[in-house]
Amino acid sequence: MPVDDAGEDSEGGIGAKMRKIFANRKNLSAADRKRLEKERKARQLRRLRKLLTPKNAVVALHELQGPGMSEFTINTNGQETTAEIVVNNVRYEATAPNKHLAKARASEKALRDLVIAQMAKARQTSESKAPAANNGNNGNATSNEDVEMSDVSESDDVPMLHLASYALYKLFNEWQNEGFEIPAIKPAKAPVKLTETGVHPLAPKVPKTKADIPSDAPTRHPTALLAFMRPQIPYEDLGSNNSNDPAKREFSVGVTVDGQRFIGKARSKKLARKEAAAAACRQLFDVQFVDTGATE
């Protein structure tokens, strides 16, 4: 069956678009081609910069394993905290002065084993495919294609982007430990300016009322319920009492809802946010939570 080239052109087919691109490039001057090549490289660098944002071991491992990754088990004994995690039926654990550092060290061990294993597997695969690839390659490699870095990362057997992101994080960390100040890769977000009534500018113009409270509100997590009733409400970290004893340390978090300020205090920032949200929901929406104990 004959192909209607005119129809393909009119419908914007891929072949028509490619012919148009090559025709336009053929008629370009040397200066224009140089400018386009410079723009192409700049696009690749922007994509690469975005993909290679420094990430700690916990984040890199989570992105590599996906949402199915198991949770950490945290055990505190005096001044030391042990974090455990199971990855591919292998248990990794690490001990540190706090849970964040312990989780980071355990994640680094798991990340190391995963990357080394995948590198060995990729090497075996490439060696088995090398003869066939050499026979089928006529040397017509295209080096001027505008490669999508995200496509490369998804198809690559070795998670080089995850490894590179963590390597950059670790390098910057070492520099900071040596006393150098490392500027943030991403500019810090400007603080959100609330309206005169303490409402987030992106919040819905018509706020929900008590009539909109879900039937299961008393059993919901306070922060989740507050986010449902008042979206985009920011919390304010008010610091801690700076107690040298971790068992006595108390964090404070504030939140302003409908012009009223509520403060929560607890042994962690997460629990302090929960207490602040619970206070706001009780005062503004008459919600009596079934369980507002100190559970994360």
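From a predicted model like this one, the values you see are computed outputs, not experimental measurements.

### Points about the overall build of the protein chain
Helix and strand content of the protein chain: 9 helices and 6 strands. Each of the 296 residues in the protein chain was classed as buried or not, and the buried ones make up 23%.

### What to know about the sheet that holds strand β3 (residues 90–96)
Strand order in the open sheet formed by 3 strands is β1-β2-β3, and the pairing between neighbours is antiparallel. If you trace the sheet from one side to the other, it starts and ends with β1 (73–77) and β3, each paired once. Here the strands of the sheet are splayed against their neighbours by 20 degrees on average, with no regard to which way each runs. Bridge count between strand β2 (residues 80–87) and β3: 7 bridges; the pairing is antiparallel. Looking across to β3, one finds that E84 is bridged to E93.

### Looking at the pairing of strand β6 (residues 260–266)
Relative to β6, strand β5 (residues 251–257) runs antiparallel, the two being bridged by 7 bridges. Among the inter-strand pairings, V255 is bridged to a residue of β6, identified as F262. Counting the residues between successive antiparallel strands, the hairpin from β5 to β6 contains 2 residues, one of them, D258, with a positive phi of roughly 55 degrees.

### Digging into helix α7 (residues 160–177)
With 18 residues, α7 ought to run about 26 Å at 1.5 Å a step, and its terminal C-alpha atoms sit 25 Å apart, in line with that. G179 sits one or two residues past α7 and shows a positive phi near 105 degrees.

### Overview of the pattern of salt bridges
One pass over the structure, following the stated rule, counts 13 salt bridges. Note that K170 and E108 form a salt bridge whose closest N and O atoms lie 2.5 Å from each other. Of this pair, K170 sits in helix α7 while E108 is found in helix α5 (residues 99–136), placing the two residues 62 residues apart along the sequence. Overall, the relative accessible area of 33% leaves K170 in the partly exposed class. With a shortest N-O distance of 2.9 Å, D258 and R230 are connected by a salt bridge. In this pair, D258 sits in the loop between β5 and β6 while R230 sits in the loop between α8 (222–229) and β4 (235–240), placing the two residues 28 residues apart along the sequence. On the basis of relative accessibility, which here comes to 11%, the residue R230 falls in the buried class. A cluster of three or more residues bridged by salt bridges with shared partners is formed by D32, R35 and E39.

Calculation rules
- Each chain has its residues counted from 1, running along the sequence as written.
- At least 70 in pLDDT is required for a residue's local features to be given in this predicted model, at least 80 for side-chain atom pairs to be given and counted, and no such filter applies to totals for whole chains, interfaces and linings, which use all residues.
- Side-chain figures throughout are based on the complete set of non-hydrogen atoms in the structure, without hydrogens or water.
- Secondary structure counts use DSSP, requiring at least four H or I residues in a row for a helix and at least two E residues in a row for a strand, with both numbered from the N terminus.
- Type-normalised accessible area, obtained with a 1.4 Å probe on protein chains alone, sets the label of each residue: buried when under 20%, exposed when over 50%, and partly exposed for intermediate values.
- Pairing between two strands is assigned when DSSP locates at least 2 bridges connecting them.
- What counts as an axis is a line fitted to C-alpha atoms, over the stretch in contact for a helix, and the angles between N-to-C directions run from 0 to 180 degrees.
- By this rule the span expected of a helix is its residue count minus one, scaled by 1.5 Å.
- The term salt bridge refers to a side-chain nitrogen of Lys or Arg lying within 4 Å of a carboxyl oxygen of Asp or Glu.

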